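# Architecture at a glance
Here is what each chain is made of, one letter per residue.
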Amino acid sequence: GHPLPGVSVRIVDPESPDPTTAPPLPPGVSGLMLVRGPNVMRGYLGNPELTAKFLRDGWYITGDIATLDEDGFLTITDRLSRFSKIGGEMVAHIKVEDRLHELAGVSDQSFVVSCAPDSKKGERLVVLHTLPDDRLQEVLAKLPQCDLPNLWKPARNQFFRVDALPYLGSAKLDLRALRETGLRLSQSD
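Residues numbered from 1 in each chain as written. Predicted model: local features only at pLDDT ≥ 70, side-chain atom pairs only at ≥ 80, totals over all residues. Heavy atoms only, no water.

### Details of unusual backbone geometry
Applicable threshold: Comment: elements are numbered from the N terminus, with helices defined as DSSP H or I runs of at least four residues and strands as E runs of at least two.
With a phi angle near 50°, Asp57 is a residue other than glycine that sits in the positive phi range. Here Asp57 shows up in the loop between strand 3 (55-56) and strand 4 (59-68). Here the phi dihedral of Ala171 falls at roughly 75°; this positive angle occurs in a residue that is not glycine.

This is the structure we're talking about:
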């Protein structure tokens, strides 16, 4: 939808050293969303470091990935925390998840992508899944031929079966638990 009256929105390159001074991206181009207006908080209570990280010159760095079209229509598509930087390229976890679900022929959330540090490429993809082993092997056999860029294809040894994917009480994925589990499993591999 459109931002509320009195609220300013800018979409900038998520890799900008200081997003608040980065030039706005053209309409329709996905980027990091910044907001400014009377509804934006003044800071994190008792945490000046966190305030300085997310609030600068009145702009709140939301962590959301969004687009703004020519008519000012705002569409939030993802969270910056759901991206990995692999070999200098931003890799969208949700796009990898979507492709894995297509390859498996499932519509229920069966795959969740996270990341772990990688000494050669910066980060690597880690996949938690709930599929039985035979179904996973079918997906892994199809993965090399799918249309994802090679950097976006998780390594075979970075798929880890879990009994259940981590969810919050709000029915949203628990991204912190997901990352912690992915890190733990990928380090024990």
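### With respect to the side chain of Ser16
Inclusion rule: Whenever two N or O atoms come within 3.5 Å, that pair is a polar contact, provided that in protein one can donate a hydrogen and the other can accept it, and provided that, for residues adjacent in sequence, both atoms are side-chain atoms.
For Ser16, the location among the structural elements is in the loop between strand 1 (8-12) and strand 2 (31-36). Only 2.9 Å separates the side chain of Ser16 from the backbone oxygen of Asp13, close enough to count as a polar contact.

### Side note on helix 2 (residues 93-104)
Note the cut-off: Each residue after the first adds 1.5 Å to the expected span of a helix. The buried label applies to any residue whose accessible area, calculated with a 1.4 Å probe on protein chains only, is under 20% of its type's maximum; exposed applies above 50%, and partly exposed to all values in between. In this analysis, two residues are considered to be in contact whenever any of their non-hydrogen atoms come within 4.5 Å of each other.
Here helix 2 spans 17 Å end to end across 12 residues, near enough to the 16 Å set by a 1.5 Å rise per residue. Looking only at helix 2, the buried set comprises His93, Val96, Glu97, Arg99, Leu100, His101, Leu103 and Ala104. Where helix 2 is buried, its residues touch strand 6 (83-86), strand 7 (89-92), strand 8 (111-118), strand 9 (122-129), helix 3 (133-142) and strand 10 (159-161). Directly beyond the C-terminal end of helix 2, a positive phi value near 70° is found at Gly105.

### A closer look at helix 3
Formally: Working definition: the arc comes from the directions between the helix axis and the C-beta atoms, pointing outward to the latter.
All of the buried residues along helix 3 are Leu136, Val139 and Leu140. Buried residues of helix 3, seen end-on, are gathered within an arc of 100° and therefore sit on one face of the element. Away from its buried face by more than 90 degrees, helix 3 exposes Asp134 and Ala141. Those residues of helix 3 that are buried are in contact with helix 2, strand 8, strand 9 and strand 10.

### A short note on the pairing of strand 8
In plain terms, the rule: Two strands pair if DSSP finds at least two bridges between them.
Buried residues dominate strand 8, accounting for six of its eight residues. For strand 8 and strand 9, the ladder comprises eight bridges, and the chain directions are antiparallel. Across the sheet, Cys115 pairs through a bridge with Leu125, a residue of strand 9. What sits between strand 8 and strand 9 in their antiparallel hairpin is a turn of three residues.

### Regarding the nonpolar core
Basically, it comes down to this: For the purposes of this section, nonpolar cores are sets of buried Ala, Val, Leu, Ile, Met, Phe, Trp, Tyr and Cys residues that join through side-chain atoms within 4.5 Å.
Among the nonpolar cores identified, the biggest contains 22 residues, and Val96, Leu100, Phe111, Val139 and Phe159 are the most heavily contacted of them. Those elements that place two or more of their residues in this core are strand 6, strand 7, helix 2, strand 8, strand 9 and helix 3. In terms of residues, this core owes the most to one element, helix 2, which gives four residues. Those residues in contact with Phe159 that lie beyond four places of it in its chain are Leu100, Phe111, Val127, His129, Leu136, Leu140, Leu143 and Pro154.

### Details of the sheet that holds strand 10
The following threshold applies: Lines fitted to the C-alpha atoms define the axes, with helices restricted to the stretch that makes contact. Angles between their N-to-C directions range from 0 to 180 degrees.
The strand order 8-9-10 describes an open sheet built from three strands, whose pairing is mixed. Each edge of the open sheet carries a strand with a single partner, namely strand 8 and strand 10. For this sheet, the mean inter-axis angle between neighbouring strands, taken without regard to orientation, is 30°. Contacting strand 8, strand 9 and strand 10, helix 2 runs over the sheet at an angle of about 130° to strand 8.

Keep in mind these numbers describe shape, not what the thing actually does.
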